Amino acid sequence: MKMNVRKVLALVLCAALIFALGAGCSSSGSSDSAADTTASETADTAAETTETAETTETVELSGTISTNGSTSMEKVIAALIESFTAENPGVTITYDATGSGTGITAVTEGSTDIGLSSRNLKDEETEAGLTATVIALDGIAIIVNTANTVTDLTIEQIAGLFTGEITNWSEVGGEDMPVAVIGREAGSGTRDGFESIVGVEDACAYDQELTSTGAVVAAVASNEYAIGYASLSSVDDSVVAVDVEGVSCTEETVLDGSYAIQRPFIMVTNDNAELSEAAQAFLAYCTSSEVVDIIANAGAVSIAQ
């Protein structure tokens, strides 16, 4: 039987069309599936990136820290507060210059976060749960009026001048004039440090007992025949720091130990009271290498050299 050529061609074309349509549907499905997979992977990656960013984001410190104590530490603590709060604007730090004894009492009673002392803690204070963190060293300068001709004293002579055994400047190479002894009040860290180092505890014969280092400097500056003691960081051009045993009171001689009359600057914390995160950060900052120049510019010597 003869087959019509036109019918054959029509059948061939129809079969080819059906095949082409089937292949096209299959390709479209595969493409859609690939697109869906890519979109899903992109979304997952974006979510993971966001989660990582949230995890590694630095939490800013905030809160208030109270400090209380040593007036000798005023320049040092003020400089440290200024630097720390500049880096941590969410933190406010207060400082009450009340004297070492008052600062230690305040941290013991829990009325301040950090006590400031320019003397070491006593055994009974550490036994009560207090911890001392040394942040710097300070020389206690022996100061006289700028008109005084005495430039060097021995420890023995200093002890004699402050206890009243030596009452005239002529006995130590000065003018024939009476000595006026100026010092700090009882409980002062500077007084405690000076008297313990020189060996004149409870034996000094003061003409004036003043409540701040600045007041002692001012009193000596205004009296030609006065002698007193002051933190190295508080000594200015209004007075003269005499050499002790031939050694000047400087940052270098305090650090190397050659200057005899020196004491620590310490931060006092109470083991029975938990410090805030901000207070812990400030304490760590004050003992870090970041503050070496800050403390030096304030007139003391950082322990983190």
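Everything in this summary refers to the structure shown in the same document. It should be emphasised that the depicted structure is a prediction, and the values quoted were computed from it without experimental measurement.

1. A look at the overall build of the protein
Thinking step 1. Along its length, the protein carries 10 helices and 12 strands.
Thinking step 2. Buried residues in the protein amount to 42% of all 305 residues.
Thinking step 3. Long-range contacts, defined here as pairs at least 24 residues apart, represent 75% of the contacts in the protein between residues at least 6 apart.
Thinking step 4. Carbon and sulfur atoms provide 51% of the accessible area of the protein, an area that totals close to 15600 Å².

2. Notes on the pairing of strand 6 (residues 180-184)
Each regular strand displays side chains that alternate between the two surfaces of the sheet.
Thinking step 1. For strand 6, the buried fraction is high: five of the five residues fall into the buried class.
Thinking step 2. Covered by surrounding structure in strand 6 are Ala180, Ile182 and Arg184 together with Val181 and Gly183, the residues of both alternating faces.
Thinking step 3. Sheet topology note: the strand 6/strand 8 (residues 226-231) ladder contains two bridges and is parallel. Looking across to strand 8, one finds that Val181 is bridged to Ile227.
Thinking step 4. In the sheet, strand 6 pairs with strand 7 (residues 208-210) via three bridges, with the strands oriented parallel. Along strand 7, the bridge assignment pairs Gly183 with Glu209.
Thinking step 5. Handedness of the crossover is the feature at issue here: the chain leaves strand 6, passes through helix 6 (residues 189-198), returns alongside strand 7, and the resulting connection is right-handed.

3. Points about helix 3 (residues 100-109)
Side chains that are three or four residues apart share a direction in an α-helix, a result of its 3.6 residues per turn.
Thinking step 1. For helix 3, every residue scored as buried is listed here: Ser100, Gly103, Ile104, Ala106 and Val107. Looking down the long axis of helix 3, one finds its buried residues gathered within 160° of arc, a one-sided arrangement.
Thinking step 2. Gly110 sits one or two residues past helix 3 and shows a positive phi near 85°.

4. Digging into empty space enclosed by the protein
Thinking step 1. Tallied over the entire structure, the rule returns one cavity of 30 Å³ or more.
Thinking step 2. Along its surface, the largest cavity is lined by Ala147, Asn148, Thr149, Trp169, Glu175, Glu224 and Tyr225.
Thinking step 3. When the residues that make up the lining of the largest cavity are grouped by side-chain class, the tally is three nonpolar, two polar and two charged.

5. A look at the pattern of salt bridges
Thinking step 1. Here the structure, examined in full by the defined rule, presents five salt bridges.
Thinking step 2. Salt bridges sharing partners connect three or more residues here, namely Arg191, Glu195 and Glu209.

6. Section: the packing of aromatic side chains
Thinking step 1. Tallied over the full model, the rule gives seven aromatic pairs.
Thinking step 2. Judged by centre distance (6.5 Å) and plane angle (70°), the ring pair of Phe162 and Tyr206 falls under edge-to-face. Of the two residues, Phe162 sits in helix 5 (residues 155-163) while Tyr206 sits in the loop between helix 6 and strand 7, which places them 44 residues apart along the sequence.
Thinking step 3. Overall, Phe162 belongs to the buried group, its relative accessible area being 0%.

7. Some thoughts on the layout of surface pockets
Thinking step 1. As a volume, the largest pocket reaches approximately 170 Å³.
Thinking step 2. Lining the largest pocket, in full, are Arg119, Lys122, Ala186, Gly187, Ser188, Arg191, Asp192, Glu195, Ser196, Glu201 and Asp202.
Thinking step 3. A class-by-class count of the residues in the lining of the largest pocket yields one nonpolar, three polar and seven charged.

8. Here's the deal with unusual backbone geometry
Glycine aside, the phi torsion of most residues is negative, and most peptide linkages are trans.
Thinking step 1. Of note, the phi angle at Asp202 is positive, near 60°, even though the residue is not glycine.
Thinking step 2. Take Asp202: it is sitting in the loop between helix 6 and strand 7.

9. Notes on the packing of helix 2 (residues 74-87) against helix 9 (residues 277-286)
Thinking step 1. Following both chains from N to C, one finds helix 2 and helix 9 inclined at 120°, their axes separated by 11 Å at the closest point. It follows that helix 2 is oblique to helix 9 by the angle criterion. The two elements helix 2 and helix 9 cross, and the hand of that crossing is right-handed. Contact with helix 2, carried on its side by Ile77, Leu80, Ile81, Ser83, Phe84 and Glu87, involves Ala278, Ala281, Phe282, Tyr285 and Cys286 of helix 9 and no other residues of that element.
Thinking step 2. Taken together, the residues that form the contact of helix 2 with helix 9 break down as nine nonpolar, one polar and one charged.

Analysis parameters
Residues numbered from 1 in each chain as written. Predicted model: local features only at pLDDT ≥ 70, side-chain atom pairs only at ≥ 80, totals over all residues. Heavy atoms only, no water. Helix = DSSP H or I, 4+ residues; strand = E, 2+ residues; numbered from the N terminus. Buried < 20%, exposed > 50% of the residue type's maximum accessible area, 1.4 Å probe, protein only. Contact = heavy atoms within 4.5 Å. Areas by Shrake-Rupley, 256 points an atom, 1.4 Å probe, with all protein chains shown as cover. Pairing = 2+ DSSP bridges. Right-handed = clockwise from strand over helix to strand, strands pointing away. Arc of directions from axis to C-beta. 1 Å grid on protein atoms, 1.4 Å probe; cavity = no way out; pocket = protein on both sides within 12 Å on 5 of 7 lines; lining within 4 Å. Points joined across faces, edges and corners; volume = space filled by probe spheres on them. Nonpolar A, V, L, I, M, F, W, Y, C, P; charged D, E, K, R; others polar. Salt bridge = Lys/Arg side-chain N within 4 Å of Asp/Glu carboxyl O. Phe/Tyr/Trp six-rings, centres within 6.5 Å; stacked < 30°, edge-to-face > 60°. Axes fitted to C-alpha atoms, helices over the stretch in contact; angles between N-to-C directions. Parallel < 35°, antiparallel > 145°, perpendicular 65-115°, else oblique. Left-handed = near helix turned anticlockwise from the far one by under 90°.

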